[in-house]
Structures are given as structure tokens and as C-alpha cells.
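# Architecture at a glance
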Amino acid sequence: MPEHKELERIASQVRRDVLRMVHGAKGGHPGGALGCAELFVLLYFKVMKHNPAKFSMDGIGEDIFILSNGHISAGLYSTLARAGYFPVKELATHRKINSRLQGHPTPHAHLEGVRIASGSLGQGLSVGIGAAQAKKLNNDNTNVFVLMGDGEQQEGQVWEAAMYAAHHKVDNLIAFIDYNGQQIDGPLKEVMDLGDLGLKYKAFGWEVIEVIGHEFAALDDAILVAKQTKGKPTVILMKTNMGQGVDFMAGTHKWHGVAPNDDELQRALAQLEETLGDY
Amino acid sequence: MKKYTFTEKKDTRSGFGDAMTELGKSNPNVVALCADLTGSLKLEKFQQLYPERFFQVGIAEANMISIAAGLTIGGKIPFTATFANFSTGRVYDQIRQSVAYSGKNVKICASHAGLTLGEDGATHQILEDLGLMKMLPEMVVINPCDYNQTKAATKAIAEYVGPVYLRFGRPAIPVFTAADQVFEIGKAWTVNEGKDVSIFATGHMVWEAIKAGEILAEKGIDAEIINIHTIKPLDEKAILTSVKKTGCAVSAEEHNILGGLGESIARTLSVHAPAPLEMIGTQDTFGESGTPDQLMEKYGLTANNIVEASLKAIERKRK
């Protein structure tokens, strides 16, 4: 098992990949992807039981990850490539014509590691429930992980899913919320306040864990607790910084959907060690 | 005109429910999801016999469609069940992204389609669903015509890998197709061979087309009646072969003339072999409360309307 120190090195490369991908495409969503780098890396390089060399859509006997907030695809793509699902050099095609790395992820493009399309928000938690219940029917004791955005919590379907997962005791489902407090139009609190998000999930019957989303050890512990929680689903509220890792991008909604220019890219990359070799 | 008789009337939704019971036994991967309409969708027996494979989702159709997409990831074959309106318009984006675009093997099964839902009125009488669903790339769209055909279609779509929309209805109607039929997706069924006009009918309108054929026969007109149970993929070959022989066509569906079977036939004919076409369907309007018979009469969806349309089509071809 890799140490957290090693995971930090991988996360640094993922952040570099994200920045170079959106810069190369002259567009994309770097903010959220940078903010979720630790989660992506922790799941794919330590927590998940999975088989990058031989991707199977069914995922039987493997942990499954569903990215519900599909716009942060650059983070997922980099992690999948670095984990060995497809060649790292393919990252250069993101958002370009004839690419398998579509703006938002989709199995329609036959990219190894992607099992569902996402982009239109609010659907991933429901999809994760289905995948988790299929595992129960298959007597498959692996888990399903779903990542959602915090702004995404404004979608009604999320709460249909939250109600269902508790009612049906879908305890092999672990949800994460990228709680960075930002959305396209500004701070969440101004656009549409979520109130006490943890309390809302508790009231729906979920186990709720709050962690700092950039601390591997805390995230790791939270996932362990979630796995041991039986009879109800768990949601892990990850307090994160949108744009984490690059000082001038962190903590603001301004980099939600904007690519850095040449100068900004160089300033950003200077803050992130190239640990695994750029694509 | 070939003689069609029936000994009983049954609702097409019971064909769905009975097939599901059989599928529950024959195919362990078949699972059912229902949004608080288990009785209306005739799934009580499936629920009772296979409780671990029946998922009650409550009144949350969007959640139901996306959960179904997720279940396919574990190799399951999910059949979602609710009224046609809540199966399509209400959840279009979930179907588009989580099912169709994701290429998931989900069967969207929709009852109470069209005017024959009756007294509940226009909120529940969707007349746009065929159009909505046929517009989605890779979606198969099926609208069977009686109990037996619905039962056969339900079993057939379990074998087919890919997203399917299966549309059926509420009222008891004549059972006139064979109980032992093999349902072939995308293959039209020639109900009656004729030479004067081609009548292409789907769903509840097939029986009306048969009655129309009998009336036309009394007038000395030899109508070819073809059941287009699969709206997509459309059996273009059957349509073109028939119209080549008859020279004119009538389409009949319990659906808006915009976006339905009639438009698909119009496209096929205009691209390959233009010929006069008359369309029977609702005229870009909402429905209303009433008995099924009253509504079909008021909105022009009866055998007599098909007869009139046929006479008009024949007249146009002679000009």
C-alpha cells in the first residue's frame, strides 16, 4: 500500500495534468478538479479494489467509482490514466475532436474506467445506488463510491436518491461531496444556500462524516469508518478549496470553468512538482 | 379481408405484467422498479414472487431511471414501470444521459399511454412520448397492439441488449393476435394483404384498422393492413414494399401526428418513394377527461376515421 507521502506526489502530477489539459483545450473546469485531486488519488491508488489493466463494464468483484459532477472530468481522466486504464499521452486529446476524453465523461466514447455519462447534474447518486444494489444481488461485497459537487446538492433528484438509499439501507454506497462553497455564479451561500448540509443528510437517515478533503490521512480514516457502517449509507463532506494547489486559483469560483493562459499556466506549474513526468 | 375474431378483451398492461412474472422465473438478471404504481402496472405477482428483485422507489421517477442505469453496471436487466407520462416527459434528461447516451440495457415500460387512459385527463394522457423517445439515438421504441403482443414484446426486449421504450395502455381491448407468437423487434406484421391502400397502425389503433378494413371491404376496397409495432427501428422495407403495391398510405396511432409513427412513415416515403399519406392521430392537441371510447371518437381515432382517411388517400392517388 502506498504511503500518504507517495500519494501526495501522485496528486501533484494529477494537478499538473489537469492544468495542462484545460490549457491545451483552451477550456474546461480546473477548479473542482484541482480541489478533488486528493480524493481521486486516494481512491484509485489506495482504497479501491480495481483492475485498470482489464476494464469491465460490470465491475463485478471491483469497487466502482461514479463521478456525478462530470465537469471535473480532467481530474478523473488524469487519475485513470496514471492508474493505468489508458495511455497517459491520450490526456492531450481532452475536449478535442475525435477524443475519448469528452468534455464530460461518457461510456459512449468507450474510455476504459468510465461506466456512466455525467454532466447534467444530480443523477450520479441514483446511478451509484443502482450499482450498489446490483452488488448486493450478486453477493459482491465490494463498494460503490460516488462523488458529487456541493452546488449539485441543489438538484432535487439528489434528495430523491438520499431518501431511497436510507430507506433501502444501501450501506455499500459511500458518497462524497466536494464542499468547496463555490458554484459558477458565485459563493454557494449567495446563489442558493444549502443550510446545514450534514444535518440534512442525517435527517434523511445517513451517516455523515466531515473531513478536510486535502488531508489523505483524514480522508482515509473517514472511508474506513464508512465501510464499517452497516444498515445505512454514508456521506463524507469534504471541506475543500476549489483550485487547491495553485495559490492564485484557490478558494474562488473564478476558476470553476476557465482555462489558464500561457503565463498563468507557467505560474501554476511552478507551484506543482512534476513527479511522474508530464504527458 | 382476412377474418379476425376475439374471445376476450384484456388490457395490454396485463400482458406486460404476466410476461414479467414469466421473466422473473426464466431470467435471474431481470429486475423491476416501480414508482408507486405496482397495481396499475400489474407487477404485484412479480413483487410477491421475487421480492429481492423488485425495487419500490416511491414517487421519484427521475431517481428510478438513474437507479435502473446503475443496476445494469452489475449485469442486471432493469425494467422500470410507471405511467407513460412519468416514464418519458418527466424523466427525459435522465433517460437521455444515464440510459441512452450511456448505452445502458434499461427497459422503460410505460402504461396508460395516450387518450385511452381516460377520465384522469390530459395531465396523464401523454400524446408526445413516441416522438420524445424515437428522437433519442440508440433507443428502440415499441408500441404493441394487444395483450398477447405486449406479452411477447416484453419477453423479446429482455433478450435484446440496449435501451428500449415499451408503450402500452390501460383499457381492456380485443385479444386477436396469436398467444404463441414470436415477437421480432423491428419487423412489421402484415395483418391483411391488400392492393388499394396501405394502412399502417400501431398500438390500440390496430384493432380499429382491422374494423376499418372490414368496412372498406364492403365498399369493394382491398386494404393492406400492416402492424408497425416497432416505431424505431422502423421496418422501412415493409412500408416501401407495401406502398409500391398500393400507391397510397394511411397511418394510425394514438399519439400526436407531430413526432409519431405517421411522421416516420412520411419521412420514409418522401425520401424513397413519395406517395399520398393520410395521418390519423391527435391534431397537435392535449386530451381531456372522458371515457376511452368517447375520447377516441372526439379526437378522431376510430375505424370510421381510418375509413375516411383511406378513401381520401385513394382519391389523391388517382389525381
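Each value, and the rule that gives it
- Residues numbered from 1 in each chain as written.
- Chains lettered and ligands numbered in written order.
- Predicted model: local features only at pLDDT ≥ 70, side-chain atom pairs only at ≥ 80, totals over all residues.
- Helix = DSSP H or I, 4+ residues; strand = E, 2+ residues; numbered from the N terminus.
- Rg over C-alpha atoms; globule rule 2.2 N^0.38 Å.
- Buried ≥ 20, exposed ≤ 12 C-beta atoms within 10 Å, placed from the backbone.
- Contact = placed C-beta atoms within 7 Å.
- Pairing = 2+ DSSP bridges.
- Axes fitted to C-alpha atoms, helices over the stretch in contact; angles between N-to-C directions.
- Right-handed = clockwise from strand over helix to strand, strands pointing away.
- Domains from an automatic or database assignment.
- Nonpolar A, V, L, I, M, F, W, Y, C, P; charged D, E, K, R; others polar.

Summing up its helical and strand segments, chain B has 12 helices and 14 strands in all. Its C-alpha atoms give chain B a radius of gyration of 19 Å, within 12% of the compact-globule value 20 Å for 319 residues. Overall, chain B is about 60 × 40 × 35 Å in size when its C-alpha atoms are taken along their principal axes. Relative to its 319 residues, chain B shows a buried fraction of 62%. Expressed as a percentage of contacts within chain B between residues at least 6 apart in sequence, the contacts between residues at least 24 apart total 80%.

Further remarks concern the sheet that holds strand 3 (residues 54-56) of chain B. Residues and elements named next belong to chain B. Sheet architecture is open: seven strands sit in the order 3-2-4-5-7-6-12, paired in mixed fashion. With one partner strand each, in any of the chains shown, strand 3 and strand 12 (230-232) form the two edges of the open sheet. The mean inter-strand angle of the sheet, taken between neighbouring strand axes irrespective of direction, is 20°. Bridging between strand 2 (residues 30-34) and strand 3 involves three bridges; their strand directions are parallel. If you follow L33 over to strand 3, its bridge partner there is F55. Sitting on the sheet, helix 3 (residues 61-73) is in contact with strand 2, strand 3 and strand 4 (77-83), with an inclination near 165° to strand 4.

Across the five residues of strand 2 of chain B, five count as buried, placing the element largely inside the fold. For the segment spanning strand 2 of chain B, helix 2 (residues 44-49) of chain B and strand 3 of chain B, crossover handedness is right-handed.

On to the domain arrangement of chain B. Residues and elements named next belong to chain B. When cut into domains, chain B gives domain 1 (10-174) and domain 2 (189-318). The C-alpha-based centres of domain 1 and domain 2 are spaced at 26 Å. The partner domain 2 presents 31 residues to the 27 residues of domain 1 that form the contact. Mapped onto the side of domain 1 that touches domain 2, the elements with two or more residues apiece are helix 6 (129-134), strand 6 (140-142), helix 7 (147-159) and strand 8 (172-174). Here the residues of the side of domain 1 that touches domain 2 are counted per class, giving 14 nonpolar, nine polar and four charged.

Residue and element names in this part refer to chain A. The five strands are arranged 1-2-3-7-6 in an open sheet whose pairing can be described as parallel. Since the sheet does not close on itself, it has two edges, and those belong to strand 1 (64-67) and strand 6 (207-212), each with one partner. Pairwise comparison of adjacent strand axes, ignoring direction, gives a mean angle of 20° for this sheet. Sheet topology note: the strand 2 (residues 144-149)/strand 3 (residues 173-179) ladder contains six bridges and is parallel. Bridge pairing in strand 3 links F145 to I174. In this fold helix 9 (residues 216-228) packs onto strand 3, strand 6 and strand 7 (234-239), with an angle of close to 170° to the strand it touches most, strand 6.

Now for the interface of chain A and chain B. In this assembly, 29 residues from chain A lie in contact with 24 residues from chain B. Of all the elements in the fold, those that place two or more residues in the side of chain A that touches chain B are helix 5 (124-137) and helix 6 (156-167) of chain A. In the side of chain A that touches chain B, the residues fall into 13 nonpolar, 12 polar and four charged.

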